[in-house]
Amino acid sequence: MHDPVEFRSQHLARFHADPAIFVAPGRVNLIGEHTDYAEGFVMPVAIDFATLAGISPRSDGKVVVYSENYQQERTFDAATLPAKASNHWSDYPLGVAAILAGEGHKIPAFSLSLWGDVPLGSGLSSSASVEVVTALAILSLIGASYPGPVLARLCQRAENEFVGANCGIMDQFISANGEADHALLLDCRDLSYKLAPIPADVALIIANTMVKHSVAGGDYPTRRRESEAACAVIAKHRPGVPFLRDATLEDLEKWGNEMEPKSLLRARHVISENLRTVAACDALMKGDMAELGRLMAEAHWSYSKDFEGSCAEADTMVELAQDLPGLIGARLTGGGFGGCTINLVEQRHAKAFAEELGRRYATATGIVPQIHICHASGGARKLA
Ligand code: ADP
Ligand code: MG
């Protein structure tokens, strides 16, 4: 991570004020894909790529935001902050300010500097880390605080309502509530959660296929519609099934013949993925890494074959990892149709694994991947 001491002195040099420093991590989802909008389970981990925020008060009524990543500064009047997004990175901090203002907080004048090493737009949730770190920073300046789950919801609203991105709650939730050396099983229905230990000698190797996923593209909403259509069929027979979270594989056996074939497959992924995600948490609790690896493999092929949410490159990345020393489990993570795979790997093999996987993938596809070796890290906090 960028040295917080250096980050502080850069803020001091730019704004002539000593900042309070906060950090919020990016994340990777271990298992639980397309289960969030079915009110099911996800199990993300906070990673050691994070965004830092420095904040200091101002006396000129201005809100000045600076991103070191973009080397850009923007100035606004604290009393009349923009109410709408402008398709600029500043939408993320301004969105948080807008949501906090909507909660009745008076937003004071401040200087905010941001710097992050979460790769931008790679599906590791740099956006949520910016929102959560900004919220902590502004709240500390006004002397307020929220419990982590509430903070996460406010930040999700900043992204949904201000930035205009239709994301679920997972990213902000894990960034705000993650714990070092733990994954977090989140129940997307009521936001209750459970921490499950990840052994310290396990590395999270995130392999970017470099194939761009686009949540705005047609595939994501189509899959969602298809799986929700299956749920509607079940609900005709069992009114207690408003979401696939409440459905069972037996429901599909009974009424699958009334569904469009694609809908049946999508639902089979979502229902089985929910079961796998809960089972994966149990496996972690017991320290049964072999079982976790088995569940991750099953999850990948369910995602690829039933949900048709993978792509040739991601399937290749998963296949190429299979016989590499140290692999515990590998699967495509995130919204699908490209993006990154997550590989759980024994730490002592991590470096060789990452290098060899990169070589194999480049040879097989002609694409040079980005491969990151990460560890399960802590959630958002103030730095001393
Ligand atoms: P992801 O969350 O997967 O990284 P998104 O497209 O949701 O991808 O969010 C990326 C956007 O978040 C960037 O385009 C930028 O607007 C904003 N962002 C992330 N990190 C920073 C940063 N350090 N400084 C300024 N803006 C940032
Ligand atoms: Mg994002």
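Remember, it's a predicted structure, so these values are computed and weren't measured experimentally.

## Here we look at helix α2 (residues 91–102)
Over its 12 residues, α2 runs 16 Å from end to end, which matches the ideal 16 Å to within 8%, given 1.5 Å per residue. Taken together, the buried positions of α2 are occupied by D91, P93, L94, G95, V96, A97, I99 and L100. In this fold, the buried residues of α2 make contact with β3 (62–67), β4 (72–77), β5 (110–116), α3 (126–142) and α4 (148–163). One or two residues past the end of α2 sits G104, with phi positive at roughly 100°.

## Remarks on the pattern of salt bridges
Taken as a whole and judged by the stated rule, the model has 26 salt bridges. Note that R8 and D18 form a salt bridge whose closest N and O atoms lie 3.4 Å from each other. With R8 in helix α1 (residues 4–15) and D18 in the loop between α1 and β1 (20–31), this pair connects stretches of sequence that are 10 residues apart. The exposure class of R8 is partly exposed, given its relative accessible area of 26%. As a salt-bridge pair, R268 and D306 come within 2.8 Å of each other at their nearest N and O atoms. Pair noted here: R268 is in helix α8 (residues 261–286) and D306 is in helix α9 (residues 289–306), with a separation of 38 residues, a long-range link. Owing to a relative accessible area of 39%, R268 belongs among the partly exposed residues under this scheme. The exposure class of D306 is buried, given its relative accessible area of 11%. Among the ionic contacts, a cluster of salt bridges with common partners joins E273, R276, E291, R294 and E298.

## Looking at helix α10 (residues 312–321)
Within α10, the full set of buried residues consists of A314, D315, M317, V318, L320 and A321. On its buried face, α10 sits against β8 (202–208), α9, β9 (327–333), β10 (340–346) and α11 (350–365).

## Some words on the packing of helix α6 (residues 219–237) against α8
Packing of α6 against α8 brings their axes to within 8 Å, and their N-to-C directions diverge by 90°. Classified by the angle their axes make, α6 and α8 are roughly perpendicular. In this structure, α6 contributes R223, E226, S227, A229 and A230 to the contact, and α8 contributes K262, S263, R266, A267 and V270.

## Considerations on the site of ligand 1
Lining the immediate environment of ligand 1, one finds 16 residues, of which S67, N69, G121, S126 and S127 sit closest. A distance of 2.9 Å separates a nitrogen atom of ligand 1 from a polar atom in the side chain of N69. G123 has a polar backbone atom sitting 3.0 Å from an oxygen atom of ligand 1. The protein chains hide 81% of the 560 Å² of surface that ligand 1 would expose on its own. Partitioned by chemical class, the residues of the shell around ligand 1 number seven nonpolar, nine polar and no charged.

## Some remarks on the pairing of β9
Summarising burial for β9: seven of the seven residues are buried, a large majority. Here six bridges tie β9 to β10, and the two strands are oriented antiparallel to one another. Considered in β10, the bridge of L332 is made with T341. The turn joining β9 and β10, which pair antiparallel and follow one another in sequence, is formed by six residues; a positive phi near 95° is taken by G334.

## Side note on the domain arrangement of the chain
When the domains of the chain are assigned, the result is domain 1 (4–197) and domain 2 (202–374). Computed from C-alpha atoms alone, the centre-to-centre distance between domain 1 and domain 2 is 27 Å. Across the boundary between the two partners, domain 1 contributes 33 residues, which contact 42 residues of domain 2. Carbon and sulfur atoms supply 65% of the area buried between domain 1 and domain 2, which totals about 3,100 Å² over both sides. With a shortest N-O distance of 2.4 Å, R331 and E33 are connected by a salt bridge. Counting across the domain 1 and domain 2 interface gives 17 residue pairs in polar contact (both at pLDDT 80 or more). Of all elements in the fold, only β1, β2 (41–57), β6 (182–187) and β7 (193–197) reach the threshold of two or more residues within the side of domain 1 that touches domain 2.

Cut-offs and rules
- Residues numbered from 1 in each chain as written.
- Chains lettered and ligands numbered in written order.
- Predicted model: local features only at pLDDT ≥ 70, side-chain atom pairs only at ≥ 80, totals over all residues.
- Heavy atoms only, no water.
- Helix = DSSP H or I, 4+ residues; strand = E, 2+ residues; numbered from the N terminus.
- Expected span 1.5 Å × (residues − 1).
- Buried < 20%, exposed > 50% of the residue type's maximum accessible area, 1.4 Å probe, protein only.
- Contact = heavy atoms within 4.5 Å.
- Salt bridge = Lys/Arg side-chain N within 4 Å of Asp/Glu carboxyl O.
- Axes fitted to C-alpha atoms, helices over the stretch in contact; angles between N-to-C directions.
- Parallel < 35°, antiparallel > 145°, perpendicular 65-115°, else oblique.
- Near = heavy atom within 4 Å.
- Polar contact = N/O pair within 3.5 Å; in protein donor to acceptor, adjacent residues only side chain to side chain.
- Areas by Shrake-Rupley, 256 points an atom, 1.4 Å probe, with all protein chains shown as cover.
- Nonpolar A, V, L, I, M, F, W, Y, C, P; charged D, E, K, R; others polar.
- Pairing = 2+ DSSP bridges.
- Domains from an automatic or database assignment.
- Buried area = accessible area lost by both parts, 1.4 Å probe.

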